Amino acid sequence: LALVVVGLLVGNARVSYVQASDPFGTLLVSDALVRHGTLRLDALGLPDLETRLGYRGFVRNGHTYYVYPLGTSIAAAPLVAVARVFGADLSRHEGEVRLQQHLATLAAMGTLWLLLRLARRLLPFWPALTCAVAFWAGTSLASTGGTALWSHVVAGLCALAAIDLVVRAELAPRPVAWLPLGLLLFFGYLTRPTAVLFAGLLLAWVALRDRAGSLKAAATVLTLLAGFMLFSLREYGEWLPPYYRMGLEGGAFSAEALAGLLVSPSRGLLAFSPVL
């Protein structure tokens, strides 16, 4: 019932602002992957591509790409393929906005399910449901995550699934499933580069009781990262795409940006989530 309620709430949310915000363009990448097997958006042949992307696009070697992380687009590609079968038209910006709303609703329901699954490992059903709903409704998982396919949305799903793997192993007790854990942590990074901080902390926690599992999961992440870097060098002519280098070059992780995230007119006196 809670999942249905969340679906109805998110499904009826207004998302017209998506057309002028970061997630817009995510599904164009998915569409290019489905139809042409490439990340190059110029392969779609859209006459208004540059106008639609705006600051969200960049050019390398004569090709246009989406500047934000790739993970969400990759995760959405199978769903975009299904949507196209049922008549979805992503060549129009209204088509992407509408599909983003539907997929964000599914992601919100998946997030709540993972929250409930994790809580049920530690609590009886009703307290677990209360905690799950409070955490979803009292944080930006609802206010922002439920409106469009922000990169945080899929990264959050990966993080919750990774935590669930670790908690399940600890309660058993048994060694952690290191291969799924490594895959989840890497895909979280691919979706949101700052997830590397979460990955480091979680692997350090796992190492306290399962050092071998932690090392194997870390090796999985590093192996996949090496493959991603080789792909990036071939595709963009750079070891990492621009967005993934921000932490290395200042950019989004500067002191000024941190102050803007914590104290700014758009966020009140301080960034705050009532569940805390």
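First things first, this report covers the structure right here in the doc. (Residues numbered from 1 in each chain as written. Predicted model: local features only at pLDDT ≥ 70, side-chain atom pairs only at ≥ 80, totals over all residues. Heavy atoms only, no water.)

### Some thoughts on unusual backbone geometry
This is how it is decided: Starting at the N terminus, helices and strands are each numbered in turn, a helix being any DSSP run of H or I of at least four residues and a strand any DSSP run of E of at least two. Buried means the residue's accessible area, taken with a 1.4 Å probe over protein chains only, is under 20% of the maximum for its type, while exposed means over 50%, and partly exposed covers the values in between.
Look at the link from Ala172 to Pro173: it is a cis peptide, with omega at -20°. On the secondary structure map, Pro173 appears in the loop between α8 (151-171) and α9 (178-191). Of note in the backbone geometry, Asn61 takes a positive phi value of approximately 55° without being a glycine. Within the secondary structure layout, Asn61 lies in the loop between β1 (57-60) and β2 (63-66). Under the relative-accessibility criterion, Asn61 is labelled exposed at 59%.

### Brief notes about the nonpolar core
Stated formally: By nonpolar core we mean a set of buried residues, namely Ala, Val, Leu, Ile, Met, Phe, Trp, Tyr and Cys, connected to one another through side-chain atoms within 4.5 Å. Contacts: residue pairs with any heavy atoms within 4.5 Å of one another.
Formed by 23 residues in total, the largest nonpolar core has its most connected members in Leu28, Leu41, Phe228 and Tyr244. Secondary structure elements with two or more residues in this core: α2 (26-36), α3 (49-53), β2, α9 and α11 (211-236). When neighbours within four sequence positions are excluded, Phe228 is seen to be in contact with Leu70, Phe186, Tyr189, Leu190, Leu240, Pro241 and Tyr244. With 13 residues, the next largest nonpolar core counts Leu165, Val166, Leu203 and Val221 among its residues.

### Concerning the packing of helix α10 (residues 195-207) against α11
What counts is decided by this rule: Lines fitted to the C-alpha atoms define the axes, with helices restricted to the stretch that makes contact. Angles between their N-to-C directions range from 0 to 180 degrees. Should an angle fall under 35 degrees it is called roughly parallel, over 145 degrees roughly antiparallel, and 65 to 115 degrees roughly perpendicular, with every other angle called oblique. Residue polarity follows a fixed list, in which Ala, Val, Leu, Ile, Met, Phe, Trp, Tyr, Cys and Pro are nonpolar, Asp, Glu, Lys and Arg are charged, and the others, Gly among them, are polar.
It is at 7 Å that the axes of α10 and α11 come closest, and there the two elements cross at 155°. In this view, α10 runs roughly antiparallel relative to α11, as classed from their interaxial angle. For the pair α10 and α11, the contacting residues are Leu203, Val206 and Ala207 in the first and Arg211, Ser214, Ala217 and Ala218 in the second. Classifying every residue of the contact of α10 with α11 gives five nonpolar, one polar and one charged.

### Let's talk about the pairing of β2
Short version of the rule: Pairing between strands requires that DSSP locate at least two bridges from one strand to the other.
Where β1 lies against β2, four bridges are found, and the strand directions are antiparallel. When the bridges of β2 are listed, Gly57 appears paired with Tyr66. Remark: two residues form the turn of the hairpin made by β1 and β2, two consecutive strands paired antiparallel; Asn61 in that turn has positive phi of roughly 55°.

### Examining the side chain of Thr139
For clarity, the threshold we go by: Any pair of nitrogen or oxygen atoms within 3.5 Å is treated as a polar contact; in protein, a donor-acceptor pairing is required on top of that, and neighbouring residues in sequence qualify only through side-chain atoms on both sides.
Considering the arrangement of structural elements, one finds Thr139 in the loop between α6 (125-137) and α7 (140-143). Overall, the relative accessible area of 11% leaves Thr139 in the buried class. One polar contact links the side chain of Thr139 to the main-chain carbonyl oxygen of Phe135, over a distance of 2.9 Å.

### Side note on the packing of aromatic side chains
This is how the line gets drawn: For Phe, Tyr and Trp, where Trp contributes only its six-membered ring, two rings pair if their centres lie within 6.5 Å, and the inter-plane angle classes them as stacked under 30 degrees, edge-to-face over 60, or tilted in between.
Under the definition given, this model contains eleven aromatic pairs. Between Phe125 and Trp126, the ring centres sit 5.0 Å apart and the planes meet at 80°, which makes this aromatic pair edge-to-face. Summarising the aromatic geometry, the rings of Phe228 and Tyr244 are spaced 5.2 Å apart at their centres and angled 65° between planes, so their arrangement reads as edge-to-face. Taken together, the positions of Phe228 in helix α11 and Tyr244 in the loop between α11 and α12 (246-249) put the pair 16 residues apart, joining distant regions of the chain.

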